[in-house]
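Residue-level listing of the chains:
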Amino acid sequence: MPVIVIGLDSAEPRLIEQWMADGSLPNMQNLKNSGVYGRLDNYDLFAAELPWTTFATGTTPENTGYWTPLKYSPDYRIETRAAYEYDEYPAFYALGDDYRVCSFDIPQVRLQPELKGIQINAWGAHSPQIEQESSPPQALAQIRASVGWHPGLHRDYAHALNMKSTLQVYNMLMTGIEYRGDACIELLKKENWDLFITVFGEAHGAGHNFWQFQPEHPLYHADIANKNLLPKDPLKDTYMAMDQQIGRIIENSPKDSEIIVFSAHGMGMNTMDLPSCLFLPEFLYRYNFNRPALCNGVDGNGELTKEPLTAQKWNDWERHIWSSLSVGSAIARWSRQKLRSKLYNLLAPIVGDDVDGYPMSPRTSAKVNAGKPWYQPTLWYANLWPTMRAYALPSFSDGYIRINVKGRETHGIVEPEQYHQELDAICAALEGLVCARSGTPMIKKIVRTRKDPMDTNPKLSDADLVIGWQETFASDSVRHPSYGLIGPAPHFRAGSHRHSGFFMAAGGKLPVGLSVQGHALDVGPTILQRLGAPIPLTMQGKPLI
């Protein structure tokens, strides 16, 4: 009996349920009514980096050693690791000669040698972290010839206040959703697959880029330039478009197919980006040097604007943040704060815009950290890491802190026997960090990743502390009783990840009206169960049905 699996990358179950109920998602509503439905839990930390690796391997990051696509080394370097290698734990759907499988555009899963059928990678996934390739090699070229390229591949990014680029992303995603439906139908017609699996990465890009149009976001009522260029609810539009293509995929699947639709994690207003990539590294700078560097209030006076910022200088988020640095020569400060970007980039090398003892400029970071997320202020502070007791590592979700341990780091400062004392001091200081607008404590959870700082287990996280942020308010500024105001900053991306997903299935021999609840690790074993395939002992989930 064929099993058709459709992933919706980062689709938020609250919205799925709301829009099914109001009739906007009729195909998903029909699946829910005629089969199985329930919520899935996932890890509440490493929310952006883990879901697809844990889904594909069916095991935890403690086993794979894969925590993020970035790898830190104790000589203070960050390298791009990209996707997990799948050498120790292969993807569960690489089932060998007994099953014919078509895998189309699964994010962060490399080509699997034991998968017999068709694999097409990085056609249009959000942040695929893998090469654009296929097996057999001609399969990708055939899809390109008949359907085309996904217009949003590596381009589905916009800042929350830039409505022109947000509109471009909207158009890319709406076109890409239609193309994905066409590609899936073409692949379904090639063969009677035992398992067909694809993922709509467009839900991921839509969640990051369109959440400011949801009523819960602080920018929902803001008067943002060119906001009227976009429809009233672009996020709902993308979900409706995906639902339409799900209907087409079902219509073109064998009649006895079992259909599974799921998301491994969800999305909400962005409560992670600014705290992890700006507030945390600046907080640790002040913790180490007892002085501010970036975002010390309006004009550096520690004051907060009455409302969130609705525009950023030069329409450039990185430049807006950098212009808040108020040290250096008079001409360097003037050029940093006044010149248009093209002129600034010409003059900055002459006037020496970087200042000793302070973070490097984004212009310098782009050179030093080429091929890495240089735009994150986290990496602007990397020139200072050897002189700091603790510093923030780059992140796409939670906050990561590394202790500069003597004998572990190249220029370590903290004695190993002082490691836990240092962690205690940082945790205590972090407890004083609150949202400057709502007064909400910023810290939801802090996890210590190792008992011994000298533990060389390569499967441990690079971070010594992992910070889970509050999720009730999208903060543009924070305040601390000892280290003052950090912000306000323009919102970066509008949406960030949540750890809840959903699962629905119908058709074939599946029961009707069954309610389930489980973990994202349970999706793989459930798919194998429906196929009648053995479930490897390495998989840590269990069938949901």
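Residues numbered from 1 in each chain as written. Predicted model: local features only at pLDDT ≥ 70, side-chain atom pairs only at ≥ 80, totals over all residues. Heavy atoms only, no water.

Chemist: Would you take a moment to explain the overall build of the chain for this structure?
Modeler: Scanning the chain from N- to C-terminus turns up 16 helices and 20 strands. The globule rule puts the C-alpha radius of gyration for 545 residues at 24 Å, and the 24 Å found for the chain is close to it. Principal axes of the C-alpha set define a box for the chain whose edges measure 70 × 55 × 45 Å. Of all 545 residues assigned to the chain, the portion counted as buried reaches 60%. Taking the contacts inside the chain whose residues are at least 6 apart along the sequence as the reference set, 68% of them involve residues at least 24 apart. Accessible area of the chain: about 20600 Å², with a carbon and sulfur share of 50%. Placing the 50 positive and 58 negative side-chain charges of the chain at their respective mean positions leaves the two points 5 Å apart. (Helix = DSSP H or I, 4+ residues; strand = E, 2+ residues; numbered from the N terminus. Rg over C-alpha atoms; globule rule 2.2 N^0.38 Å. Buried < 20%, exposed > 50% of the residue type's maximum accessible area, 1.4 Å probe, protein only. Contact = heavy atoms within 4.5 Å. Areas by Shrake-Rupley, 256 points an atom, 1.4 Å probe, with all protein chains shown as cover. Lys, Arg positive; Asp, Glu negative; His and termini not counted. Charge placed at Lys NZ, Arg CZ, Asp CG, Glu CD.)

Chemist: Explain the sheet that holds strand β16 (residues 478–480) here, please?
Modeler: Adjacent strands of a sheet form backbone hydrogen bonds with each other and so pair up, either parallel or antiparallel. With antiparallel pairing, 3 strands are arranged side by side in an open sheet as β13-β16-β17. Pairing within the sheet leaves two strands with one partner each, and these edge strands are β13 (434–435) and β17 (484–486). Judged from the 3 bridges that link them, β16 and β17 form a sheet pairing that is antiparallel. Each bridged residue has a counterpart across the sheet, and for Val 478 the counterpart in β17 is Ile 486. Contacting β16 and β17, helix α9 (residues 273–289) runs over the sheet at an angle of about 150 degrees to β17. (Pairing = 2+ DSSP bridges. Axes fitted to C-alpha atoms, helices over the stretch in contact; angles between N-to-C directions.)

Chemist: Before we go on, may I ask you to explain the packing of aromatic side chains in this structure?
Modeler: For any pair of aromatic rings, the description consists of the separation of the ring centres together with the inter-plane angle of the planes. The tally for this structure, following the rule as stated, stands at 27 aromatic pairs. Seen from their ring centres, Trp 52 and Phe 55 are 5.4 Å apart, and the 90 degrees between their planes marks the pair as edge-to-face. One end of the pair is Trp 52 and the other is Phe 55, both in helix α3 (residues 51–57) and 3 residues apart, which spans about a single turn. The buried category is assigned to Phe 55, whose relative accessible area is 2%. Centre to centre, the rings of Tyr 84 and Tyr 86 are 4.9 Å apart; their planes meet at 65 degrees, and the pair counts as edge-to-face. Here the two residues Tyr 84 and Tyr 86 agree in accessibility, since each one is buried. Ring pairing ties together the aromatic residues Trp 52, Phe 55, Phe 92, Tyr 93 and Phe 262, which thus form one cluster. (Phe/Tyr/Trp six-rings, centres within 6.5 Å; stacked < 30°, edge-to-face > 60°.)

Chemist: Looking at this structure, how should I read the nonpolar core?
Modeler: Within soluble globular proteins, side chains that are nonpolar generally end up buried alongside one another. Counting 66 residues, the largest nonpolar core has Leu 294, Trp 385, Ile 401, Ile 403 and Leu 430 as its most contacted members. When residues no more than four places from it in sequence are discounted, the contact partners of Ile 403 are Arg 389, Ala 390, Arg 408, Glu 409, Val 414, Tyr 419, Glu 422, Leu 423, Ile 426 and Asp 464. By size, the runner-up hydrophobic cluster in this structure holds 60 residues, among which are Phe 104, Leu 140, Leu 187 and Met 242. (Core = buried A, V, L, I, M, F, W, Y, C linked by side-chain atoms within 4.5 Å.)

Chemist: Looking at this model, I keep getting lost on the side chain of His 150. Mind explaining?
Modeler: Assignment of secondary structure puts His 150 in the loop between α5 (138–146) and α6 (163–190). Only 2.7 Å separates the side chain of His 150 from the side chain of Glu 202, close enough to count as a polar contact. Setting aside residues no more than four positions away along its own chain, His 150 makes contact with Trp 123, Gly 124, Met 172, Gly 176, Arg 180 and Glu 202. (Polar contact = N/O pair within 3.5 Å; in protein donor to acceptor, adjacent residues only side chain to side chain.)

Chemist: Help me understand helix α15 (residues 419–430) in this model?
Modeler: For an α-helix, 3.6 residues make a turn, and residues three or four places apart therefore share a direction. The end-to-end C-alpha distance of α15, which contains 12 residues, comes to 17 Å, matching closely the 16 Å that a straight helix rising 1.5 Å per residue would cover. Within α15, burial applies to Tyr 419, Glu 422, Leu 423, Ile 426, Cys 427, Ala 429 and Leu 430. The buried residues of α15 occupy an angular sector of 160 degrees when projected down its axis, which confines them to one face. Those residues of α15 that are exposed and angled more than 90 degrees off the buried face are Gln 421 and Ala 428. Among the structural elements, α9, β11 (390–393), β12 (399–403), β14 (443–448), β15 (465–469) and β16 are those in contact with the buried residues of α15. (Expected span 1.5 Å × (residues − 1). Arc of directions from axis to C-beta.)

Chemist: Teacher, can you tell me more about the sheet that holds β12 here?
Modeler: With antiparallel pairing, the 4 strands of this open sheet are ordered in space as β11-β12-β15-β14. In the strand order of this sheet, the two ends are held by β11 and β14, each with one partner. Within this sheet the neighbouring strands show an average axis-to-axis angle of 25 degrees, counted without direction. By the bridge criterion, 5 bridges tie β14 to β15 in an arrangement that is antiparallel. Considered in β15, the bridge of Arg 448 is made with Leu 465. Most of the contacts of α9 go to β11, to which it runs at about 170 degrees, and overall it touches β11, β12 and β15. Against the sheet, α15 contacts β11, β12, β14 and β15, and its axis sits at roughly 175 degrees relative to β14.

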